[in-house]
Amino acid sequence: MKVAVQRLLAPLIAAILLLPSILTGADQFLLPDSHGIRQVAITFDDLPAARSSFHPDLLANPKKFRARNVKVLRQLRKMGVPVAGFVTRDFRPPTWSEDDMSRLLKFWSRSGAVLGNHTTSHKDFHETPADEYLLSIRGGQEYLQAALGGDGQERRYFRAPYLHLGASPESREQLRGYLELNRYQVAPVTIDVQDWIFAEIYSWADSNGAEETKNATVRAYLAYLEEAIEHYALLGVSVTGREAPHVALLHANALNYDNIQDVISLFVKLEFKFIDMKTALLDPCYSKIPTTSGSSIRSWQAELGLPWASPPNPVRFLGPLYDEYQRVR
Ligand SMILES: [Zn+2]
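Residues numbered from 1 in each chain as written. Predicted model: local features only at pLDDT ≥ 70, side-chain atom pairs only at ≥ 80, totals over all residues.

**Q** So, the overall build of the protein: which residues are in play, and what are the values?
**A** Scanning the protein from N- to C-terminus turns up 14 helices and eight strands. Per-residue burial over the protein gives 42% buried out of 329 residues. The contacts of the protein with a sequence gap of at least 6 include a subset with a gap of at least 24, amounting to 84%. (Helix = DSSP H or I, 4+ residues; strand = E, 2+ residues; numbered from the N terminus. Buried ≥ 20, exposed ≤ 12 C-beta atoms within 10 Å, placed from the backbone. Contact = placed C-beta atoms within 7 Å.)

This is the structure:
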């Protein structure tokens, strides 16, 4: 009911908030509405596995971990969800061989996933000298190409860890120049979900046999996720004046993998249709590399001089679970 009311109000909010964009002449936003259809491309970061995001026994066993991935990708395919994944070379668990990693990535690729570069070691650009950071992009791409052995990845996609694209105009410009010169497409994000906080608690509970904490974390996560998706969906309309296609960022973690059906069902409940990332990025709103870190919507808002509307805070949904986690971490 709440969602239905919000959706009815969305065009009104959009009409009010679109006014400054007309005044500043941001033509890329003034496009016909996509008949009000919500679209989203689902993407996973930190392949093969974000740190401390799975039970250590599962992660240590490449065969079992691969079987888990097979199950998730099959479920996604059954639900008609194309995916993209962003690989960090050094997230290969220490017990895996190069071959184990390569086999997993090839499986993703052969399942139809677009794979992109998420650097070699997941360094934060805001805390790393530019030269060192650019090397980690180059190394990430070389690794991905070698691991896939020429498997059909037709474009170079880059996603910055933490979505950090530079702390100063100079560093942003340096990164932009490098990416353009090396023919990368930045894979932006509009629905920037902070699933990793929930995932760490879930994984901790899983590793310690704390079933009730695990279940409570899932409930909190799904409630948070629904509100976060709707927040970014409405925000997108308010900035672009139409239903521009979204790109959602999820992480490769046990929380998402174990609950993939419920996670995807939330997007369905919120009336999203699934498209692949390549199609989403054809939209003119993605024609420029974002000028700020984080969700691209934040960048568009900044361009239009609009204030940033804070997304839902995970801590509000976690409540005492968060305090408990802080005590034990
Ligand atoms: Zn990442």
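Still more ground to cover, so stick around.
**Q** Can you lay out the packing of helix α7 (residues 195-207) against helix α8 (residues 211-240) for me, pointing to particular residues and giving the numbers?
**A** Where α7 contacts α8, the axes come no closer than 8 Å and their chain directions differ by 165 degrees. In terms of orientation, α7 and α8 fall into the roughly antiparallel class. As for how α7 packs across α8, the hand of that crossing is left-handed. Residues D195, F198, I201, Y202, A205 and D206 of α7 form the contact with α8, whose own contacting residues are T213, K214, T217, V218, A220 and Y221. Partitioned by chemical class, the residues of the contact of α7 with α8 number seven nonpolar, two polar and three charged. (Axes fitted to C-alpha atoms, helices over the stretch in contact; angles between N-to-C directions. Parallel < 35°, antiparallel > 145°, perpendicular 65-115°, else oblique. Left-handed = near helix turned anticlockwise from the far one by under 90°. Nonpolar A, V, L, I, M, F, W, Y, C, P; charged D, E, K, R; others polar.)

**Q** Can you break down the pairing of strand β2 (residues 83-87) residue by residue, with the values?
**A** Of all five residues making up β2, five are buried, and the element is well covered by its neighbours. Of the two faces of β2, the one holding V83, G85 and V87 and the one holding A84 and F86 are both buried throughout. Alignment of strand β1 (residues 38-47) against β2, held across four bridges, turns out to be parallel. In the strand pairing of β2, I42 is matched with V83. Alignment of β2 against strand β3 (residues 114-117), held across four bridges, turns out to be parallel. Within the sheet, the bridge partner assigned to F86 lies in β3 and is G116. Viewed along the sheet, the connection from β2 through helix α4 (residues 98-110) into β3 turns out right-handed. (Pairing = 2+ DSSP bridges. Right-handed = clockwise from strand over helix to strand, strands pointing away.)

**Q** Tell me about the packing of α8 against helix α10 (residues 260-269), and please be specific about residues and values.
**A** It is at 10 Å that the axes of α8 and α10 come closest, and there the two elements cross at 30 degrees. The angle between α8 and α10 places the two elements in the roughly parallel class. Considering the relative orientation of α8 and α10, their crossing is right-handed. Across the interface between the two elements, L222, L225, E226 and I229 of α8 pack against D262, V263, L266 and F267 of α10.

**Q** Describe the environment of G150, and please don't skip the residues or the numbers.
**A** Within the element layout of this structure, G150 appears in the loop between α5 (130-148) and β4 (156-158). In the structure, G150 is positioned 44 residues away from K106 in sequence and 9.8 Å away in space, judged by C-alpha atoms.

**Q** Summarise α4; cite the residues concerned and give the values.
**A** Counting along an α-helix, one turn takes 3.6 residues, and residues three or four places apart therefore face a common direction. For α4, which comprises 13 residues, the first-to-last C-alpha distance of 18 Å matches the rise-based estimate of 18 Å (1.5 Å per residue) to within 8%. The set of residues buried in α4 consists of M101, L104, L105 and W108. The buried residues of α4 occupy one face: seen down the axis, they fall within an arc of 95 degrees. Turned more than 90 degrees off the buried face of α4, the exposed positions are D99 and R110. Looking at the buried positions of α4, the neighbouring elements they touch are α3 (62-78), β2, β3 and α5. Backbone geometry just downstream of α4 places G112 in the positive-phi region, at approximately 100 degrees. (Expected span 1.5 Å × (residues − 1). Arc of directions from axis to C-beta.)

**Q** Break down the nonpolar core for me, with residues and values.
**A** A41, I191, F198, A248 and M277 are the most contacted members of the largest nonpolar core, which totals 84 residues. Each residue touching A248, except ones within four places of it in the same chain, is listed here: V40, I42, T43, I191 and V193. (Core = buried A, V, L, I, M, F, W, Y, C linked by C-beta atoms within 7 Å.)

**Q** So what's going on with the pairing of strand β7 (residues 246-251)? Residues and values would help.
**A** The element β7 is largely enclosed, with a buried count of six among its six residues. Burial along β7 is two-sided: the face carrying H246, A248 and L250 and the face carrying V247, L249 and H251 are both buried. Bridge analysis of β1 against β7 gives six bridges, and the strand direction is parallel. Counted as the bridge partner of I42 is A248 from β7. Bridge count between strand β6 (residues 191-192) and β7: two bridges; the pairing is parallel. Each bridged residue has a counterpart across the sheet, and for D192 the counterpart in β7 is L249.

**Q** Describe unusual backbone geometry, listing the residues and the values that go with them.
**A** Excluding glycine, a negative phi dihedral is what most residues carry, and trans is how most peptide bonds are arranged. The omega torsion across L47 and P48 is 5 degrees, close enough to zero to call that bond cis. Unusually for a residue other than glycine, H122 sits at a positive phi of about 60 degrees. Relative to the assigned elements, H122 resides in the loop between β3 and α5. Residue H122 is classed as partly exposed on the basis of its 19 C-beta neighbours within 10 Å.

**Q** So what's going on with the confidence of the model for the protein? Which residues, and what values?
**A** The predicted coordinates of low-pLDDT regions are not to be read in fine detail. Here the protein averages 89 in pLDDT, while 88% of its residues score no lower than 70. Confidence drops under a pLDDT of 50 for residues 1-33, and excluding neighbours within four residues, the segment shows 37 contacts in the predicted structure. (pLDDT = per-residue confidence, 0-100.)

**Q** I'd like a description of α8, backed by residues and values.
**A** Taking 1.5 Å as the rise per residue, α8 with 30 residues should run 44 Å; its terminal C-alpha atoms sit 43 Å apart, in good agreement. A positive phi of about 80 degrees marks G241, the residue just after α8.

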